[in-house]
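Coordinate analysis (summary)
Spelled out from the first residue to the last, the chains are:
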Amino acid sequence: MLNLLIQNGLILDGLGSAPMRGDIGIQNGKIVAIASSLPPNADQIVDASGLWVTPGFIDIHTHYDLELEIAPGLSESVRHGVTSVVIGNCSLSVAVGKPQMLADIFQRVETLSHRLIEKWLKQSVSWQTPAEYLAHLQQLPLGANVAPLFGHSALRAHVMGLERSLTVQPSETELKTMQQIAADVLEAGFIGISIDMFPWHRMSGEWRGCTIPSQQAKFPEYAMLADLCRERDLVFQVTPNLQRLASFLDILRLGSGIGQKSLRLTVLSALDAVHDRKLWRIFSPLLYFWNRLLKGNVRFQTLTEPFTIYSDGSVTPLFEEFPTGAQLNSCGSRQERQQLWELETFRRQFRQEWLNNWRKSFHRQLDLMEIVRCPETSWQGLSFAEVAAQKQQEPVDLFIEALRKYDTDLRWVATGANDRLKPRLALMQHPYILPGFTDAGAHVRNLGYYDGALSLLKQAVATKFLAPEIAIARVTGEPAGWFRLDTGVLKVGAGADLVLLNPQALNQPISPQVEISDPVLDGEPRMVKRGSEEIVEAVYINGIRVVCRGQVSDRLGRERLGTVLFPSFCSHSL
């Protein structure tokens, strides 16, 4: 007898095959039968008439590493149909290193709550080696499956000590030690290695304001780690330095397959940036050149919706790209920020840097920055430029005055990329660009894109830019194959991680981000998505229903449902 029989659903297998109406039989967490009709011989029978039955979605870019230790169910992602997540991105992981050191590397980069960090530190770390970390992960009551990358910043700081990792290059002995640990890590079952060159990513703690360890490395160190992944055909994830064009040439060299085995390289990120409206057009010819002429195996990642970021006064990742903004983010209190604003030289320098257009990543257009909350309630819903016009001030001067006076009582929002439909669809449709890059678990006060896969499906239904079976494959079987994960497809023998969707409910706009008080953060605010309860009828992990019409099961995070995903040469591998 089957444990579960799902009948009469429209099955989209995650491979892009033509949809078929039929039944799926599940036994002991595995799919054991798929047919147009199966005998009704099961402990539980679910009628999926009128519904799509799809593989669980894969989120290829998350920062759940710390949250997994506190709330391993990952309910914010699972409620939107996500059943597998990739962690350890952007050189950040907790697989090796002292807890406080790791917290100092993580906290500011991902703007994580102090309360979340404190909770994690109190639980401490129960592993001494990356292999022990994998064993630890397997013992957690995981909700979603977890596929870990190994973070270069953690490795570098562990081998060299935090101070040396931030200030000097490794000795030959230290480099060999890093190489040996990284090789052992990949043999233990990590799916690859992540490095980071992005200058916005800075330390907290004693070395606050300094860019994180991975950014201090030179090309030979990156190349050594890339070669370890190349030899094993494992993933190498990199975030370029947008302010240093030479970093793109370095990454281009790493990703070339001419005269050597190609590297399974994934790069952040392909976006339609507001500050440069032509930039998005470069990705298609670049990827053609890289993959076809240089014989690479490169995938960029893109966000499936407008890249909208909320900020609290001057406490925002958007300020990390210029010196005075980074100084403000380094302050530990409102009083420290006020002391900076009192200095005329600081205000003048902030103004100059804000108006400087050289190699900026955020547009800094005050007419596109809207005030969400403010003690001056009449400002709410207006842009800073509109308020400045009312007060007959220069917009940048009004902005500085508001930041100085209201600090974090002022909340504002801006969209920096992917706000135009046509370029966004082109990026999501491109065969060498993977829809993903949600940053789930990071920047909890600033953004919440936990429903990235559903946002793609909504746009596919509304615009028909992708057929449903292809849209489903883009967020299931395709990323699973490229990342070498044995998940993301509906076939006999596969794990029973699947989603039941109401296709009629997909015909609606992308859901807005909303703010909640999150129990995981002891009631602190978190940006999330809602509305998926109308679309997602049910989510199953390992054959167990964990979400039903928006209601999250209390089994999620209490029972071990998901597993650690190790690299696999599965049949749909790319």
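Looking up the protein chain in an unreviewed UniProt entry gives the name Amidohydrolase 3 domain-containing protein, with the organism given as Microseira wollei NIES-4236.

Describing the environment of L15
Locating L15 in the fold gives a position in the loop between β1 (2-11) and β2 (20-27). Exposure remark for L15: the relative accessible area of 47% places this residue in the partly exposed category.

What about the nonpolar core?
Generally speaking, nonpolar side chains in soluble globular proteins are found buried as a group. In terms of nonpolar packing, the biggest core is built from 115 residues, with F236 and L501 touching the most fellow members. Top contributing element to this core by residue count: helix α9 (residues 219-232), with eight residues. Among all residues touching L501, those that are not within four sequence positions of it are L51, W52, T54, F57, L454, L457, I472, I535 and V536. Judged by nonpolar contacts, the second largest core, of 41 residues, contains C90, W354, V387 and L447.

Looking at the pattern of salt bridges
Tallied over the entire structure, the rule returns 34 salt bridges. A salt bridge links E321 to R364; its shortest N-O distance comes to 3.2 Å. One end of the pair, E321, is in the loop between β13 (307-312) and α12 (323-330); the other, R364, is in the loop between α14 (344-355) and β14 (369-373), and 43 residues separate them in sequence. The exposure classification of E321 matches that of R364, with both residues buried. Residue E478 pairs with R474 through a salt bridge whose shortest N-O separation is 2.7 Å. Three or more residues are tied together by salt bridges with common partners; here these are D312, R373, R411, R445 and E515.

Comments concerning the packing of α9 against helix α10 (residues 245-254)
Their axes nearest at 10 Å, the elements α9 and α10 cross at an angle of 30°. As summarised for this structure, α9 and α10 are arranged roughly parallel, according to the angle between their axes. Like other packed secondary-structure pairs, α9 and α10 cross with a definite hand, here right-handed. Across from F219, Y222, A223, A226 and R230 in α9, the residues of α10 making contact are D250, R253 and L254. Partitioned by chemical class, the residues of the contact of α9 with α10 number five nonpolar, no polar and three charged.

A short note on helix α16 (residues 395-406)
A rise of 1.5 Å per residue sets the reference length of α16, with its twelve residues, at 16 Å; its end C-alpha atoms lie 16 Å apart and thus fit the reference within 8%. Among all positions in α16, only V396, L398, F399, I400, A402, L403 and Y406 are buried. Turning to α16, the residues buried within the fold contact α13 (334-341), α14, β14, α15 (384-391) and β15 (411-417). One or two residues past the end of α16 sits D407, with phi positive at roughly 50°.

A look at empty space enclosed by the protein
If you walk through the whole model with that rule in mind, you get one cavity of 30 Å³ or more. By volume, the largest cavity amounts to about 90 Å³. Surrounding the largest cavity, F57, I58, D59, V82, T304, P435, G436, T438, Y450, G452, A453 and V475 form its lining. Broken down by secondary-structure element, the contributors of at least two residues to the lining of the largest cavity are β6 (57-59) and α18 (452-463). With three residues, β6 is the single largest residue contributor to the lining of the largest cavity. For the lining of the largest cavity, the residue count by class is seven nonpolar, four polar and one charged.

A short note on the pairing of β15
The element β15 is extensively covered by neighbouring structure, given that six of its seven residues are classed as buried. Alignment of β14 against β15, held across four bridges, turns out to be antiparallel. Among the inter-strand pairings, I371 is bridged to a residue of β15, identified as W412.

Looking at the sheet that holds β13
Pairing in this open sheet of three strands is antiparallel, and the strands run β13-β15-β14 from one edge to the other. Two strands in the sheet have a free side with no partner beyond their single neighbour: β13 and β14. With strand direction ignored, the average angle separating the axes of adjacent strands in the sheet is 30°. Direction of pairing for β13 relative to β15: antiparallel, over a ladder of six bridges. Residue pairing for β15: T308 is matched across the bridge by T415.

Overview of a nonpolar patch on the surface
Taken together, the side chains of L242, L245 and F248 make up a nonpolar region of the molecular surface, amounting to roughly 260 Å² of accessible area. Tracing the backbone shows L245 in helix α10. Using a relative accessible area of 54% as the deciding quantity, one classes L245 as exposed.

Describing the sheet that holds strand β8 (residues 145-151)
Spatial strand order, β6-β7-β8-β9-β10-β11-β12-β16: eight strands in an open sheet with parallel pairing. One side of each edge strand has no neighbouring strand; the edge strands of this open sheet are β6 and β16 (433-435). Sheet twist, expressed as the mean angle between neighbouring strand axes with direction ignored, is 25°. Sheet analysis places β8 next to strand β9 (residues 192-196), joined by three bridges and oriented parallel. Bridge assignment links L149 to a residue of β9, and that residue is G192. Here α9 sits on the sheet in contact with β9 and β10 (235-239), set at roughly 155° to β9.

Remarks on the packing of helix α3 (residues 99-109) against helix α6 (residues 152-160)
The contact between α3 and α6 brings their axes to 11 Å, and the two run at 140°. Considering the angle they form, α3 stands oblique to α6. Regarding α3 and α6, the two cross each other, and that crossing is right-handed. Residues M101, L102 and I105 of α3 lie in contact with α6, whose contacting residues are S153, A154, A157 and H158.

Re the packing of aromatic side chains
On inspection of all chains with the given rule, the structure shows 26 aromatic pairs. With a centroid separation of 5.0 Å and an interplanar angle of 55°, the aromatic rings of W127 and Y133 are classed as tilted. Judged by centre distance (5.5 Å) and plane angle (70°), the rings of F150 and F190 are edge-to-face. With F150 in strand β8 and F190 in the loop between α8 (172-188) and β9, the pair connects residues that are 40 residues apart, well separated along the chain. Across the pair, exposure class does not vary: F150 and F190 are buried alike. R253 extends its terminal NZ or CZ atom over the ring of F219, reaching a point 3.8 Å from the ring centre.

Criteria and cut-off values
Residues numbered from 1 in each chain as written. Predicted model: local features only at pLDDT ≥ 70, side-chain atom pairs only at ≥ 80, totals over all residues. Heavy atoms only, no water. Helix = DSSP H or I, 4+ residues; strand = E, 2+ residues; numbered from the N terminus. Buried < 20%, exposed > 50% of the residue type's maximum accessible area, 1.4 Å probe, protein only. Core = buried A, V, L, I, M, F, W, Y, C linked by side-chain atoms within 4.5 Å. Contact = heavy atoms within 4.5 Å. Salt bridge = Lys/Arg side-chain N within 4 Å of Asp/Glu carboxyl O. Axes fitted to C-alpha atoms, helices over the stretch in contact; angles between N-to-C directions. Parallel < 35°, antiparallel > 145°, perpendicular 65-115°, else oblique. Left-handed = near helix turned anticlockwise from the far one by under 90°. Nonpolar A, V, L, I, M, F, W, Y, C, P; charged D, E, K, R; others polar. Expected span 1.5 Å × (residues − 1). 1 Å grid on protein atoms, 1.4 Å probe; cavity = no way out; pocket = protein on both sides within 12 Å on 5 of 7 lines; lining within 4 Å. Points joined across faces, edges and corners; volume = space filled by probe spheres on them. Pairing = 2+ DSSP bridges. Patch = residues over 30% accessible without salt bridge, like charges linked within 9 Å, V, L, I, M, F, W, Y side chains within 5 Å. Areas by Shrake-Rupley, 256 points an atom, 1.4 Å probe, with all protein chains shown as cover. Phe/Tyr/Trp six-rings, centres within 6.5 Å; stacked < 30°, edge-to-face > 60°. Lys NZ or Arg CZ within 6 Å of the ring centre and 35° of its normal.

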